[in-house]
Amino acid sequence: MGRKPGSVTWRLWAVVAAMGFGTLVITGRLAQLQLFDHQQYAHEARLTHMSEQTLLDRRGALLDRNGYPLAASQDTYDVMVESRAWSNGAVAAEAAAALSPAAGKSAEEMLAAVQDSDIFEVNVATGLNYERAEAVRALRLSGVRLVTSSHRVYPEGNLAAQLLGFVGRDNTGLTGLEADLNAILDGSAGTIRFERDGLGNQFPLGERLEIAPQPGANVVLTIDRYIQRLAEQELDRTIKDHKATGGSIIVVEPATGEILAMASRPTFDVTRLDLSDASKAALYRNRAITDQYEPGSVFKLVTTAAGIDSGTVSPDTWWYDNGSLSADSWTIRNWDLKAYGSQTIQQMLSKSLNTGAAWVAQQVGPERFYDYVSRFGFGSPTEIGLSGESSGRVRTPESDPASWRSVDMATNSFGQGISVTPLQMCMAVAAIANNGMLVKPHIIRAIVSPNATTSFDPEPVRQAISPQSSQTLREMMGVVVDGISASYLDVQGYRVGGKTGTASVATDSGGYKPDAYISSFVGIAPVENPRLAVLVKIDEPKEVPWGTVVAAPAFGRLVQDALAYLKVPPTESALVSTIQ
């Protein structure tokens, strides 16, 4: 029986239609791939054969004033793994097991890092030295490559840890100078793009485009590593001897404002950082510039300076101390609750009499008194250039007319009811040492880049008091130290000046912490031509709180060694004992 012509025709057209539709679909898909999705697939194909790598040059070093490195970068290597190379579980486990000894990471950690990531390439190990990197390279594992990196090292250990700060895993500064100077230290990144084979190795004759990175600049600090070490040793010793909770020591060159040492406790171990412990975050701050405190009797130097420079009093001016002084409805008394009768201003300073300081402030008057407080830099940040610096707190008739009373000036005169930072207090004493000129403190001496060196000169701020008043104050400070027992303070070969302080610890609620004190000493050396201004602040010493007993010995030991180190000629005959 033959087939009907219509049946054959229908089937033929059905086949033709199916083929046409298939061709249309294929053509449409090709059009989509070629015209619309071309960029996407071209990019994916390029990723298969091309690799792009960020190039980082060495981060600049932080050097002390003599060129010794305090923080520097050491060349290291990171291990990168392509996710697709470890997509097969058995292959990945075998590769990770082989890589583990050389990379210094467990196979489990590396496998988890790759499997938990959806990016093309995963960093599975960082900070390898040259020997470990060579061991990785010798394995010739598919999809595994080495990237040049660097690791931050601190050759002097934890010296000046809070000041220097530290960097994160990406070598970006997180705290301290590492953060404040990050743009200077970091330089600029470069890139390299190259063709590679299936194992991730670069084609020798393949396409290659490289933009070279720029190295970071080295920063020369004003810090002297020897004097910094002295300061930290004396701080640690004093805290231990007096069971204190912490403290700060600052050493500054009065004429230039250069910070030779800046130490605070408690501190942290920069060589063993644990950023996962949030409780340690408070240890990272530089307490010498961030923490405010009531300075106590060391502030009597500012009050005395106001009285002398304004012509209101002289060192020999007499006043009568009956043991109390009235201000508003309050009564001011001496620290020992005694009355001393007729006294000179020099005796007021030497005996640290609160009534005498309040009397001087009353004679000067609030307008001039707070003008001098401002001249010495209190109530404003020093602008040293370190992040987190506090400005302190000074209440004046102008800043708080509704609440300010004359008793505020009376208590301010001997360092109560006024808040300062350790750096502010040290710079005020440095101004007295520097013929009355307040100089802006600075921590950077020079920035040395591949193309240029930028140096920083001293920046005078203002004449706080006249040179004549400065000389008078220095002599008065010398007399104060002459009256301190040599068992507490004895710098042989030099005449030094200073002032002790013992202050209550203020609380956030506005009162004072019971049985808690801050012991301090501020001083200059030598008196005749000061090379150093030093602040020693010890927080909450136990048993004995007096600045004479707690802080003055640390000042004496530090200054004795520092002056010898700086080769400052003795100004007095050193005591020499002979054995008969």
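For the structure given in this document, a descriptive report is provided here. Computed from a predicted model, the values in this text were never measured in an experiment.

**Some thoughts on the packing of helix α9 (residues 225-241) against helix α19 (residues 552-565)**
Following both chains from N to C, one finds α9 and α19 inclined at 165°, their axes separated by 10 Å at the closest point. Taken together, the axes of α9 and α19 are roughly antiparallel relative to one another. Taken as a pair, α9 and α19 cross one another with a handedness that is right-handed. Facing α9, whose interface residues are Tyr226, Ile227, Leu230, Ala231, Glu234, Arg237 and Thr238, α19 presents Ala554, Arg557, Leu558, Asp561, Ala562 and Tyr565. Its residues assigned to classes, the contact of α9 with α19 shows eight nonpolar, one polar and four charged.

**A closer look at the pairing of strand β12 (residues 324-327)**
Along β12, the buried face is formed by Leu325 and Ala327; none of Ser324 and Ser326, which line the opposite face, is buried. In terms of strand pairing, β12 meets strand β13 (residues 330-333) through four bridges, oriented antiparallel. Each bridged residue has a counterpart across the sheet, and for serine 324 the counterpart in β13 is arginine 333. Counting the residues that bridge the hairpin from β12 to β13 gives two residues, and of these aspartate 328 lies at a positive phi of roughly 55°.

**Examining the sheet that holds strand β20 (residues 512-525)**
Read from one edge of the open sheet, five strands run β10-β9-β21-β20-β19, paired in antiparallel fashion. The open sheet is flanked by β10 (258-265) and β19 (497-506), the only strands paired with a single partner. Sheet twist, expressed as the mean angle between neighbouring strand axes with direction ignored, is 10°. The pairing of β19 with β20 spans nine bridges and is classified as antiparallel. Directly across from glycine 501, in β20, lies its bridge partner serine 520. Along the sheet, α9 makes contact with β9 (246-253), β10 and β21 (532-539), crossing β10 at roughly 30°.

Cut-offs used in this document
Along each chain, residues carry numbers from 1 onward, in the same order as the chain's sequence is written. It should be noted that, the model being predicted, local features are given only for residues of pLDDT at least 70 and side-chain atom pairs only at 80 or more, the latter also being counted only at that level, while totals for whole chains, interfaces and linings use all residues. To get the side-chain values, take all heavy atoms of the structure and skip hydrogens and water. Note on geometry: axes are C-alpha line fits, over the in-contact stretch for helices, and angles between N-to-C directions span 0 to 180 degrees. Numbering of helices and strands runs from the N terminus, with a helix taken as a DSSP run of H or I at least four residues long and a strand as a DSSP run of E at least two residues long. In these notes the angle categories are as follows: under 35 degrees is roughly parallel, over 145 is roughly antiparallel, 65 to 115 is roughly perpendicular, and the rest is oblique. Should the near helix be turned anticlockwise from the far one by less than a right angle, the crossing is left-handed, and should it be turned clockwise, the crossing is right-handed. Contacts between residues were defined by any pair of non-hydrogen atoms, one from each residue, lying within 4.5 Å. Polarity classes work like this: nonpolar for Ala, Val, Leu, Ile, Met, Phe, Trp, Tyr, Cys and Pro, charged for Asp, Glu, Lys and Arg, and polar for all others, with Gly in that last group. Type-normalised accessible area, obtained with a 1.4 Å probe on protein chains alone, sets the label of each residue: buried when under 20%, exposed when over 50%, and partly exposed for intermediate values. A strand pair is defined by DSSP finding two or more bridges across the two strands.

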